[in-house]
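Report on the structure
One letter stands for each residue in the lines below.
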Amino acid sequence: MREPKLIDYTLLVILSLIWASAFFNIKIATESFGPITIAFLRVFFGSIPVLLLCLYKKIKIEAFSKDWYWFAIIGFVNLVAPFFLIAYGVKSVQSNLAAILMSTTPLSSTVLGHFFTKHEKFNFIKTFGILIGFSGIIYLFSDNLLINDNNFISALLILLGSTCYVVGGVLTLKISEKKNENVTGSILIWAIIILIPLVSFIEKPWHTIPSMESSISVVYLGLVSTGLAWLLRFRILKNNGLIFQSQVSYLIPIFGIGLSYIFLDELITDKVVVSLLAILVGLYFVKKAGVKQYEKK
């Protein structure tokens, strides 16, 4: 790992912007496509840059090796389920809420890490951060202007989608000895395989005539927010490590709210701001505790 330079911080901001931009693009995509179709197109277009990189670097794709079932399970939990749940939820709630709810992933991973790993146990600072962060989520759900009886379940599904990412990350530890590009390429292949029959028999998107805006959004979601973003994440992880890369958690909800306001003119209430601040403070204490535990190893 190297000391972060200006280029590293620049790439971190770009990655945050790319991931944050996914939320308002999902909102636009839902105007023409169903959630299963959006999930399928994301993994299909997202696989292109990843698989091309593996071909260029001569990295073997092990999607159908003896560990195929791990790739299939992780592909479902880490791609199929969250992509579907988020797209389904964003159709009924503002995309900026999705950006905030998805930023809670590190909080959920800290909770699961306590129970499923040996070295990520709770301490006072972590517990304090988790309590503050999740209190921000609870407060966000009290915003009756944005979350009501009609879309309450949709907001919960987005939160469930963020939890799927965490569970997928825990499962990935089972094949942690494999190259990141190989794992990502393999789970993308299995996500495509899983989604093909679902999209074919349930939504049948070839019967719809999508708008130009929705079409551009799903291609962007696949090529940029999924494929290119993963490749950029690989570079940051390789050069600067997980702790540096994890700082995107602070930037994504901020950029997500800003982009949603600029492109969709979405409402920003006082409770949204307070909830976001509580979640960011919670993330700060969780990450601070994580850095101390990492330095002690």
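Structural data are supplied above this passage.
For the structure given in this document, a descriptive report is provided here. (Residues numbered from 1 in each chain as written. Predicted model: local features only at pLDDT ≥ 70, side-chain atom pairs only at ≥ 80, totals over all residues. Heavy atoms only, no water.)

Let's shift gears to the packing of helix 3 (residues 68–90) against helix 8 (residues 180–203). Describing two packed helices takes the angle between their axes plus the distance from one axis to the other. Viewed as axis vectors pointing N to C, helix 3 and helix 8 meet at an angle of 75 degrees, and their least axial separation amounts to 8 Å. Accordingly, the angle class assigned to the pair helix 3 and helix 8 is roughly perpendicular. On helix 8, the residues that touch Trp68, Phe71, Ala72, Ile74, Gly75, Phe76, Asn78, Leu79 and Val80 of helix 3 are Asn182, Val183, Ser186, Ile187, Leu188, Trp190, Ala191, Ile194 and Leu195. Among the residues making up the contact of helix 3 with helix 8, the classes are represented as 14 nonpolar, four polar and no charged. (Axes fitted to C-alpha atoms, helices over the stretch in contact; angles between N-to-C directions. Helix = DSSP H or I, 4+ residues; strand = E, 2+ residues; numbered from the N terminus. Parallel < 35°, antiparallel > 145°, perpendicular 65-115°, else oblique. Contact = heavy atoms within 4.5 Å. Nonpolar A, V, L, I, M, F, W, Y, C, P; charged D, E, K, R; others polar.)

Within the element layout of this structure, Ser92 appears in the loop between helix 3 and helix 4 (95–102). On the accessibility criterion, Ser92 (37% relative accessible area) is partly exposed. For the pair Ser92 and Leu173, spaced 81 residues apart in sequence, the C-alpha separation works out to 34 Å. Apart from residues no more than four positions distant in its own chain, Ser92 is found in contact with Lys27, Asn151 and Ser154. (Buried < 20%, exposed > 50% of the residue type's maximum accessible area, 1.4 Å probe, protein only.)

What follows deals with the nonpolar core. Val43 and Leu101 are the most contacted members of the largest nonpolar core, which has 79 residues in total. It is helix 1 (residues 6–29) that provides the largest number of residues to this core, a total of 12 residues. The residues touching Val43, leaving out its near neighbours within four places in the chain, are Leu79, Phe83, Leu188, Ala191, Ile192 and Leu195. (Core = buried A, V, L, I, M, F, W, Y, C linked by side-chain atoms within 4.5 Å.)

Mapping Ile202 onto the fold places it in helix 8. Classification of Ile202 as exposed rests on a relative accessible area of 57%. Taking the C-alpha atoms as reference, Ile202 lies 29 Å from Trp230; in sequence the two are 28 residues apart.

A few words now on the pattern of salt bridges. Under the criterion given, the structure shown has four salt bridges. In this structure, Lys66 and Asp67 form a salt bridge, with 3.6 Å as the shortest nitrogen-oxygen distance. Exposure remark for Lys66: the relative accessible area of 68% places this residue in the exposed category. One salt-bridge network, held together by shared partners, links Glu62, Lys66, Asp67 and Lys178. (Salt bridge = Lys/Arg side-chain N within 4 Å of Asp/Glu carboxyl O.)

Our focus in this paragraph is the packing of helix 2 (residues 35–56) against helix 3. Between helix 2 and helix 3, whose axes approach to 8 Å, the crossing angle comes to 130 degrees. One element, helix 2, and the other, helix 3, form an angle in the oblique class. Relative to helix 3, the crossing made by helix 2 is right-handed. Across the interface between the two elements, Pro35, Ile36, Ile38, Ala39, Arg42 and Val43 from helix 2 touch Leu79, Val80, Phe83, Phe84, Ala87 and Tyr88 from helix 3. When grouped by side-chain class, the residues that make up the contact of helix 2 with helix 3 number 11 nonpolar, no polar and one charged. (Left-handed = near helix turned anticlockwise from the far one by under 90°.)

Here we take up helix 2. Helix length check: helix 2 (22 residues) gives 32 Å between terminal C-alpha atoms against 32 Å at 1.5 Å per residue, within 8%. The largest bend along helix 2 reaches roughly 30 degrees and is located at Ser47, with the proline Pro49 sitting one to four residues downstream. Just downstream of helix 2, Lys58 is the residue with a positive phi angle, here 55 degrees. (Expected span 1.5 Å × (residues − 1). Bend = angle between axes of the 7 residues up to and from the residue.)

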